[in-house]
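# Residue-level structure breakdown
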Amino acid sequence: MNITSSIIDSLDFIFFGFAIAAVASYIILAIISAFETVNYMKKNSFVNYTEILSSSISPSISIIAPAYNESLNIVENVRSLLSNHYVNYDVIIVNDGSKDDSLEKLIAAYDLVKVDYLINNQLQTKPLRQGVFKSTNPAFEKLIVVDKENGGKADALNFGLNISTNKYVACIDVDCLLLEDSLQKMIKPFLESTDEKVIAAGGVIRIANSCKIKDGKLLDINLPKSSIVKAQILEYLRAFLLGRMAWSKLNGLLVISGAFGLFDKKIALEVGGYDTKTVGEDMEIIVRMRRHMEEKKVKYRVAYIPDPLCWTEAPDSHKIFISQRNRWTLRNNRNIKKT
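The sections below set out a description of the structure shown in this document.

## Description of the pairing of strand S6 (residues 168-172)
Burial analysis of S6 places 5 of its 5 residues in the buried class, the great majority of the element. Taking every second residue as pointing to the same face, both faces of S6 are buried, with Tyr168, Ala170 and Ile172 on one and Val169 and Cys171 on the other. Sheet topology note: the strand S1 (residues 61-67)/S6 ladder contains 4 bridges and is parallel. Note that in S6 the partner of Ile61 across the bridge is Tyr168. Pairing geometry for S6 and strand S11 (residues 260-264), over 5 bridges, is antiparallel. Residue pairing across strands places Val169 opposite Phe263, the latter belonging to S11.

This is the structure:
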């Protein structure tokens, strides 16, 4: 009996120690994040990047947005992506074998016609279905629409990497709302770093539930009435501002949100693009890119900025929420095993 009591007491002490360590780690990360956020705000308060980054000599970026059965909002979502204030960019919509009328709506809305387009097949993907489309309207000259057989999000992103001709790629969920100055802010870490190579960058993802959105633009920010959505807002603030900001400072960031992230395309191609056999392609590619740079013995970092860049819808029901978190947990466990 005494032995059993001793074991229980020892376990209680160990669990208590783990709890204290966990709380202490969060406090340390919060302090680091606070200092880093203040430094970021000071550094950017007197610099006008708008004129520089809106010039024709700014780094070229391709926004890659996979789409599957997004007929309901596809036209508005594409309009949002085309409304960016950045100059040197294009938008690649990869229609990943949609079974609805997404492609037909895009063709009608943006005056698309099928064109012959050079595709550099560096990454193996599912083949084209109807082909590549460009607009006959000069107002939509930045838009490229690809119609391919279904292969999943990772496969669609790899096709976007193959077809892109720009130096950087911004991978985004097509149903996300991108702010007009997002690319200008996201490209800054790549330009500012001199002693180490920035291989990827991410920013704050905000929840758009109950916000007023019209014509692909965010007009009014409202607090959702649903308690489960409010809880997710708090969670996003903790994870992005108190977690990822600090890990970026420590150069230990392993995740760039799949909702919106900017990557050095050359490095992404060198590691083989996105893994089509994992449910967490956004985390998995960052891990491989970091390992690639470590093996090459090149100084690098994965950057993070605290500006809100992208708005997305969060699950508003317990069923969808549980399904999402199960997928995230499975993703993290698989990627940990791989490393």
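Now that the structure is up, let's keep going.
## Quick notes on unusual backbone geometry
If a residue is not glycine, its phi is most likely negative; likewise, a peptide bond is most likely trans. Not every positive phi belongs to a glycine, and Asn69 is a case in point at roughly 55 degrees. Mapped onto the elements of the fold, Asn69 is located in the loop between S1 and helix H3 (74-81). Residue class for Asn69 comes out partly exposed when judged on its relative accessible area of 35%. The residue Asn251 is not glycine, and still its phi comes out positive at about 55 degrees. Relative to the helices and strands, Asn251 resides in the loop between helix H8 (227-249) and S11. Judged by its relative accessible area of 26%, Asn251 is partly exposed.

## Comments concerning the side chain of Ser248
Secondary-structure assignment places Ser248 in helix H8. Of the residues examined, Ser248 reaches a relative accessible area of 8% and is grouped as buried. Among all residues touching Ser248, those that are not within four sequence positions of it are Leu253, Arg301, Val302, Ala303 and Tyr304.

What counts and what doesn't
- Residues numbered from 1 in each chain as written.
- Predicted model: local features only at pLDDT ≥ 70, side-chain atom pairs only at ≥ 80, totals over all residues.
- Heavy atoms only, no water.
- Buried < 20%, exposed > 50% of the residue type's maximum accessible area, 1.4 Å probe, protein only.
- Helix = DSSP H or I, 4+ residues; strand = E, 2+ residues; numbered from the N terminus.
- Pairing = 2+ DSSP bridges.
- Contact = heavy atoms within 4.5 Å.

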